[in-house]
Amino acid sequence: MMHFLCHCTDCQIMFNGSFEGYAISRDELSLEGVLSTYTYSGGSGQSIHVNFFCETCSTKPLTQTDILDGIIYVPARLPRDQIEFKPKGGMCIGLRPSWTNKPECLVEPYTENGTV
Ligand SMILES: [Zn+2]
């Protein structure tokens, strides 16, 4: 559905750097195993993000938000070499660490959260 980056402070803390991933329909992904949940308020304060992670290996296979019900965010490296990651959207570009480069393929940069 969409390849994107997020440089918000929440993503930088949770993913040990900016989030790089895909936004896809929840119906397009099936998962097996036991996943734990962590819920917090999003940057806008209006939405709740729910992250799931494997209790065994701590992989974070997906994130979802209440504000975009039915859409999940999958880290770009999770499908390994199955998809070439080319981010078109960039959220919270104003918070991009100065030591990272802006990808040439980025066409929709939002200084703040572009979800709204
Ligand atoms: Zn973020």
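Keep in mind the model is a prediction, meaning the values are calculated, not measured.

### Some points on the coordination of the zinc ion
For a metal with four tetrahedral donors the ideal donor-metal-donor angle is 109.5 degrees, whereas six octahedral donors ideally subtend 90 or 180 degrees.
(1) Moving on: Those donors, Cys6 (SG), Cys8 (SG) and Cys11 (SG), are the protein atoms that reach the zinc ion, and they lie 2.2 Å from it.
(2) Moving on: Each donor residue of the zinc ion lies on one chain, and together they are spaced C-x1-C-x2-C. One exposure class covers both Cys6 and Cys8, and it is buried.

### A word on the pairing of strand β2 (residues 19-25)
(1) Moving on: Here β2 lies mainly inside the structure; six of its seven residues are buried.
(2) Moving on: In terms of strand pairing, strand β1 (residues 2-6) meets β2 through five bridges, oriented antiparallel. Of the residues in β2, the one forming a bridge with Leu5 is Glu20.
(3) Moving on: Sheet topology note: the β2/strand β6 (residues 71-75) ladder contains five bridges and is antiparallel. Paired with Gly21 across the strands is Pro75, a residue of β6.

### Observations concerning the pattern of salt bridges
(1) Moving on: The tally for this structure, following the rule as stated, stands at two salt bridges.
(2) Moving on: Here Arg77 makes a salt bridge to Glu20, at a shortest N to O gap of 2.6 Å. Placement of Arg77 in the loop between β6 and β7 (89-91) and of Glu20 in strand β2 is noted, with a sequence separation of 57 residues between them.
(3) Moving on: With a relative accessible area of 64%, Arg77 lands in the exposed category.
(4) Moving on: Of the charged contacts in the structure, one is a salt bridge between Lys86 and Glu84, with a shortest N-O distance of 3.9 Å.

Reading guide: rules and limits
- Residues numbered from 1 in each chain as written.
- Predicted model: local features only at pLDDT ≥ 70, side-chain atom pairs only at ≥ 80, totals over all residues.
- Heavy atoms only, no water.
- Donors = N, O, S within 2.8 Å, 3.2 Å for Na, K, Ca; no water.
- Buried < 20%, exposed > 50% of the residue type's maximum accessible area, 1.4 Å probe, protein only.
- Helix = DSSP H or I, 4+ residues; strand = E, 2+ residues; numbered from the N terminus.
- Pairing = 2+ DSSP bridges.
- Salt bridge = Lys/Arg side-chain N within 4 Å of Asp/Glu carboxyl O.

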